[in-house]
4 protein chains.
Amino acid sequence: MVKITLSIAKQLIEAAEYKAKTLGVSQVISIVDEGGNLVALTRMDGAWLASIDIAQNKAWTAVSLQMPTSALAKIALPTGELFGINTTNQGRVVVLGGGIPLRQNGNVVGAVGVSGSTIINDVKVAKAAVQAFEHLYGFNVQPFPHQAYYY
Amino acid sequence: MVKITLSIAKQLIEAAEYKAKTLGVSQVISIVDEGGNLVALTRMDGAWLASIDIAQNKAWTAVSLQMPTSALAKIALPTGELFGINTTNQGRVVVLGGGIPLRQNGNVVGAVGVSGSTIINDVKVAKAAVQAFEHLYGFNVQPFPHQAYYY
Amino acid sequence: MVKITLSIAKQLIEAAEYKAKTLGVSQVISIVDEGGNLVALTRMDGAWLASIDIAQNKAWTAVSLQMPTSALAKIALPTGELFGINTTNQGRVVVLGGGIPLRQNGNVVGAVGVSGSTIINDVKVAKAAVQAFEHLYGFNVQPFPHQAYYY
Amino acid sequence: MVKITLSIAKQLIEAAEYKAKTLGVSQVISIVDEGGNLVALTRMDGAWLASIDIAQNKAWTAVSLQMPTSALAKIALPTGELFGINTTNQGRVVVLGGGIPLRQNGNVVGAVGVSGSTIINDVKVAKAAVQAFEHLYGFNVQPFPHQAYYY
């Protein structure tokens, strides 16, 4: 199983930063490994300070629940199946889109977390990192297997 | 870029206190700098103890998300784009109106946070501090650029 | 019993700031009331960011243990009677000098907490606030009754 | 005053990583800005997970107390002037060497924090980042003014 090395993390961040620049937004971009532990983080100039925490915890959440955080946005709503999930784990669970697992052969090997703009932009920038990862390690035919379960 | 010195902070607090007195309310008023760090705080006699924390975190939130906290009140609702934002950052993100960034040429250089009464009054008192800041450093033509974006 | 109003707190802070300026140091100065709750805080330009927390918690400690924090510096040492006290109360107990209770007729009615320089300077600046308080409310014949106990 | 941009942070991290490699050690390297907020972090392959927190908090400490964390190692000892300092600020104050302020004309504008090996190596790697900063912005004649004060 591929390990998310610093070298890989830097490449993914570079791809994400490039995407953010083309969108004209300033993001915090973080990469965590299989254990949910931070490998690398960059805060683009002008990005929100609050995003330093959020970007890291989006990535942690994506690894820890093995699904993109955008999937949580709906099921964490009142009456949703996971309502209240975001107050567990000392508040580390983030239910805002922008955290996406990195998968190899279906296994979660790490995640990217992006924060700093609208959720639509955060997801776009996170996906740029995921695509860079897939470019390095082969297209992932089951990017978000849990989503099917929840929707 | 202007730094929020203690001298500036005291003037903004004075303006906010004056406004609070004309409204007949007791507030906690706090000023943070560009990095979200506290510069000065006053608790008016009779103000809520809970407001000590809330006022500081409203100011921190306004700096850290570069928008007034009143903008968060709507988008943090269930089904809102930022639902769940207030459980990030160890609970420092406050989605109650009363935190407003201080801007110079569009750049966030600090914020005021006010708590202790109705949100309407909190916002009025915070705005008095912002107006005092603009009086010192020139009218800000784009006071809340993110608001337009989100509404 | 006198209550530490915002008006009193501002006068004590003014006295402390004046003392700090004569010493050529930048301090964070905080005043808490009888309940250990913050009444006012100022961070002088250039003061340490870490002092924002420390000044508040020195004041809180001085009220909560009814003794100057300098008294704790010795008894919190390994083999001292209160060794380990500074890891209680979620780390709010500070064992560095610079927190001094405000007393009236021997009763603790609030405290001042100062941080930002050497302990010697922090104590000097805190004492300036205490002296201002005594000037307002009469000389306190038993400034630190607990010290006698501990030394 | 220079702002610690992402571009600067990356250059400092690159210099630190290079130094770590020549020493044959794996470090976590972090850069914070003037407000103590994270700008960038990298965890070299094989570095300690505990260092993710420590490296960030060394940098935060160096900014927040305006001195290298190695200066704290001695004065935070029992009977030292700042004994107990490391239980303030919710445990963010780190008294292990490896955090060094970045100064311009004597003013603290950010800091580097390094963790993952012996303190001697951590300091060496942090100094490599500081030297890269000085190369960019001119040699700082007063790198650690507080050290002289405390020793």
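Residues numbered from 1 in each chain as written. Chains lettered and ligands numbered in written order. Predicted model: local features only at pLDDT ≥ 70, side-chain atom pairs only at ≥ 80, totals over all residues. Heavy atoms only, no water.

Colleague: Help me understand the overall build of chain A in this model?
Modeller: Helices and strands together make up the secondary structure of chain A, namely 5 helices and 4 strands. Listing each helix as α and each strand as β along chain A from the N terminus yields α-β-β-α-α-β-β-α-α. For a compact globule of 151 residues, the expected C-alpha radius of gyration is about 15 Å, and chain A comes in at 14 Å, within 12% of that figure. Along the longest, intermediate and shortest principal axes, the C-alpha atoms of chain A span 40 × 35 × 25 Å. The burial tally for chain A puts 61% of its 151 residues in the buried class. A separation of at least 24 residues holds for 65% of the contacts in chain A among residues at least 6 apart in sequence. Across chain A, the centroid of the 11 positively charged side chains sits 4 Å from that of the 9 negatively charged ones. (Helix = DSSP H or I, 4+ residues; strand = E, 2+ residues; numbered from the N terminus. Rg over C-alpha atoms; globule rule 2.2 N^0.38 Å. Buried < 20%, exposed > 50% of the residue type's maximum accessible area, 1.4 Å probe, protein only. Contact = heavy atoms within 4.5 Å. Lys, Arg positive; Asp, Glu negative; His and termini not counted. Charge placed at Lys NZ, Arg CZ, Asp CG, Glu CD.)

Colleague: In this structure, what is going on with the sheet that holds strand S4 (residues 107-115) of chain D? I would like to understand it.
Modeller: Strands pair in a sheet through their backbones, by hydrogen bonds, and they do so in one of two ways: parallel or antiparallel. Here we have 8 strands laid out as an open sheet, ordered S3(A)-S4(A)-S1(A)-S2(A)-S2(D)-S1(D)-S4(D)-S3(D), and antiparallel in their pairing. Each edge of the sheet is formed by a strand with only one pairing partner; in this case those strands are strand S3 (99-104) of chain A together with strand S3 (99-104) of chain D. Within this sheet the neighbouring strands show an average axis-to-axis angle of 15°, counted without direction. Of the pairings in the sheet, the one linking S3 of chain D to S4 of chain D comprises 6 bridges and is antiparallel in character. Residue pairing in the sheet places Arg103 of chain D in a bridge with Val108 of chain D of S4 of chain D. Contacting strand S1 (28-33), strand S2 (38-43), S3 and strand S4 (107-115) of chain A together with strand S2 (38-43) of chain D, helix H2 (residues 50-64) of chain A crosses the sheet at an angle of about 160° to S4 of chain A. Strand contacts of helix H1 (residues 6-23) of chain D: S2 of chain A together with strand S1 (28-33), S2 and S3 of chain D, with the helix running at about 30° to S2 of chain D, the strand carrying the most contacts. (Pairing = 2+ DSSP bridges. Axes fitted to C-alpha atoms, helices over the stretch in contact; angles between N-to-C directions.)

Colleague: Where do I start with the pairing of strand S4 (residues 107-115) of chain B in this structure?
Modeller: Taken residue by residue, a regular strand's side chains alternate between the two faces of the sheet. Residues and elements named next belong to chain B. Most of S4 is tucked away, with 8 of its 9 residues classed as buried. The pairing of strand S1 (residues 28-33) with S4 spans 6 bridges and is classified as antiparallel. Bridge assignment links Ile29 to a residue of S4, and that residue is Val114. Between strand S3 (residues 99-104) and S4, which pair antiparallel one after the other, the connecting turn spans 2 residues, and Asn105 there sits at a positive phi close to 55°.

Colleague: Would you explain the environment of Asp45 of chain B in this entry?
Modeller: The residue Asp45 of chain B is located in the loop between strand S2 (38-43) and helix H2 (50-64) in this model. Separated by 19 residues in sequence, Asp45 of chain B and Ser26 of chain B have C-alpha atoms that sit 6.5 Å apart. Not counting the four nearest positions on each side in its chain, Asp45 of chain B is found in contact with Ser26 of chain B together with Thr5 and Leu6 of chain C.

Colleague: Just checking my understanding: could you explain the relation of the copies chain D and chain A for this structure?
Modeller: The pair of chain copies shares a relation made of a rotation about an axis and a shift along it. The transformation that overlays chain D on chain A combines an axial shift of 0.1 Å with a rotation of 180°, and the residual RMSD is 0.1 Å. Taken together, the rotation and translation relating the two chain copies correspond to the operation of a two-fold axis. Minimal C-alpha distance to the rotation axis in chain D is attained by Leu41 of chain D, lying at 2.5 Å. Of the interface residues in chain D, 100% have counterparts in chain A that sit at the interface too, so the contact is made through matching surfaces. (Least-squares fit on C-alpha atoms with pLDDT ≥ 70 in both.)

Colleague: Just to check I follow, could you spell out the packing of aromatic side chains for this structure?
Modeller: Working definition: an aromatic ring pair is given by the centre-to-centre distance plus the angle between the planes. All names here are of chain A. Evaluation of the coordinates by the stated rule reveals 4 aromatic pairs over all chains. Ring centres of Phe133 and Tyr137 lie 5.0 Å apart, and the angle between their planes is 35°; this geometry places the pair in the tilted category. One end of the pair is Phe133 and the other is Tyr137, both in helix H4 (residues 119-137) and 4 residues apart, which spans about a single turn. What makes Phe133 buried here is its relative accessible area of 1%. We classify Tyr137 as partly exposed; its relative accessible area is 34%. (Phe/Tyr/Trp six-rings, centres within 6.5 Å; stacked < 30°, edge-to-face > 60°.)

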